[in-house]
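Chain by chain, the residues:
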Amino acid sequence: MPEAAPLLYIENLHARIEDKQILNGVNLTVNLGEVHALMGPNGSGKSTLSNVLMGHPKYIVTAGRVLLEGEDLLEMSADERARKGVFLAFQAPMSIPGVPVVSFLRTAMKSVRGVDVPIREFRKELRAQMSALQMNDQFISRYVNEGFSGGEKKRFEILQMAMLQPRLIVMDEIDSGLDIDAIRVVSEGVNRLVGPERGVLAITHYQRLLDYITPDHVHVLVGGRIVRSGGKELAHELEAEGYDRIIKETQPEEVPA
Ligand code: ADP
Ligand code: MG
């Protein structure tokens, strides 16, 4: 593959969970430097797509392909995906009882970078990133996600991204359950990471997040297919009108003769 291969290239992706076909031919390309928003009504398959990108074993790809900088992502183990710079932030991150934040981050960095980061350098970097995210120092000795508030969980995800410096960031409803202040902190954290070294796929049901993270491209997923793509104005249009019209337009039996 030439070095100009897109960061993420999804072609005709079909996927099912158990007997239920959910993705029905998703096509999407994310290049370095771009921020894409994927919107859509509940049940349209947004989380299914993020789970497929993560390699969740319950989601079965039945057709199509996904390339990460020209390489077959679907063939990669979860570890390989992380090492190649894929970072997925989820609606409900898991807790890891007994593992303090600081150890988790250091291990993750070692695993992703393949080398140990000297402890002083690591601590310095960690403190700088935490202060940018308005997190206090005690946070690092708490157990991962255990007893974290909604806002703390999301800040911790952003902290991980900032430390790991991924190539591709996929966020699934990272704004759900956050108040405006938390959304602002999280969005600023994401915005600091946007740049020519990275691409972002922000999945969100609501337009609200996109007041803070400005997408270059907006896509609407309905029935496991992208039915509309456009610029950021598409998100505003959806906010004003809701998804009903777009759903109607895309149901074949509803199309006027
Ligand atoms: P979204 O994130 O857009 O709300 P999802 O990808 O979570 O949509 O879900 C798409 C469809 O797949 C929904 O109809 C949902 O009910 C179904 N689904 C999701 N997870 C499962 C599961 N574990 N078993 C069966 N059906 C599921
Ligand atoms: Mg979802």
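Residues numbered from 1 in each chain as written. Chains lettered and ligands numbered in written order. Predicted model: local features only at pLDDT ≥ 70, side-chain atom pairs only at ≥ 80, totals over all residues. Heavy atoms only, no water.

A. Spotlight on the nonpolar core. Counting residues in each nonpolar core, the largest one holds 38 residues, and the members touching the most others are Phe-122, Leu-126, Phe-156, Leu-159, Met-161, Met-171 and Ile-174. The contact partners of Ile-174, leaving out residues within four places of it in the chain, are Ala-89, Lys-154, Glu-157, Ile-158, Met-161, Val-186, Ile-203 and Leu-209. In terms of nonpolar packing, the next biggest core, distinct from the first, is built from 29 residues, Leu-38, Leu-68, Leu-88 and Leu-221 among them. (Core = buried A, V, L, I, M, F, W, Y, C linked by side-chain atoms within 4.5 Å. Buried < 20%, exposed > 50% of the residue type's maximum accessible area, 1.4 Å probe, protein only. Contact = heavy atoms within 4.5 Å.)

B. Geometry of the sheet that holds strand β5 (residues 71–72). Taken in spatial order, the 4 strands line up as β2-β1-β4-β5 in an open sheet, and their pairing is antiparallel. Only two strands of the sheet have a single neighbouring strand rather than two, namely β2 (20–30) and β5. Here strand β1 (residues 8–17) pairs with β2 via 8 bridges, running antiparallel. The residue of β2 that forms the bridge with Arg-16 is Gln-21. The sheet contacts of helix α1 (residues 46–54) involve β1, β2 and β4 (59–68), and relative to β1 the element is tilted by about 110 degrees. (Pairing = 2+ DSSP bridges. Helix = DSSP H or I, 4+ residues; strand = E, 2+ residues; numbered from the N terminus. Axes fitted to C-alpha atoms, helices over the stretch in contact; angles between N-to-C directions.)

C. Quick look at the site of ligand 1. Lining the immediate surroundings of ligand 1 are 13 residues, of which Lys-20, Gly-43, Lys-46, Ser-47 and Thr-48 lie closest. Contacts to ligand 1 include Gly-43, whose backbone N or O atom sits 2.7 Å from an oxygen atom. For ligand 1, the accessible surface in isolation is 560 Å², of which the surrounding protein chains cover 66%. Contributions of two or more residues to the shell around ligand 1 are made by β2 and α1. With 3 residues, the single largest contributor to the shell around ligand 1 is α1. Taken together, the residues of the shell around ligand 1 sort by class into 4 nonpolar, 6 polar and 3 charged. (Near = heavy atom within 4 Å. Polar contact = N/O pair within 3.5 Å; in protein donor to acceptor, adjacent residues only side chain to side chain. Areas by Shrake-Rupley, 256 points an atom, 1.4 Å probe, with all protein chains shown as cover. Nonpolar A, V, L, I, M, F, W, Y, C, P; charged D, E, K, R; others polar.)

D. Representation of the packing of helix α3 (residues 101–113) against helix α4 (residues 119–132) in the model. The interhelical angle for the contact between α3 and α4, taken along N-to-C directions, is 115 degrees, at an axis separation of 12 Å. In terms of axis orientation, α3 runs roughly perpendicular to α4. The two elements α3 and α4 cross, and the hand of that crossing is right-handed. Residue-level inspection shows Val-102, Leu-105, Arg-106 and Met-109 of α3 in contact with α4, the latter providing Ile-119, Phe-122, Arg-123 and Leu-126. (Parallel < 35°, antiparallel > 145°, perpendicular 65-115°, else oblique. Left-handed = near helix turned anticlockwise from the far one by under 90°.)

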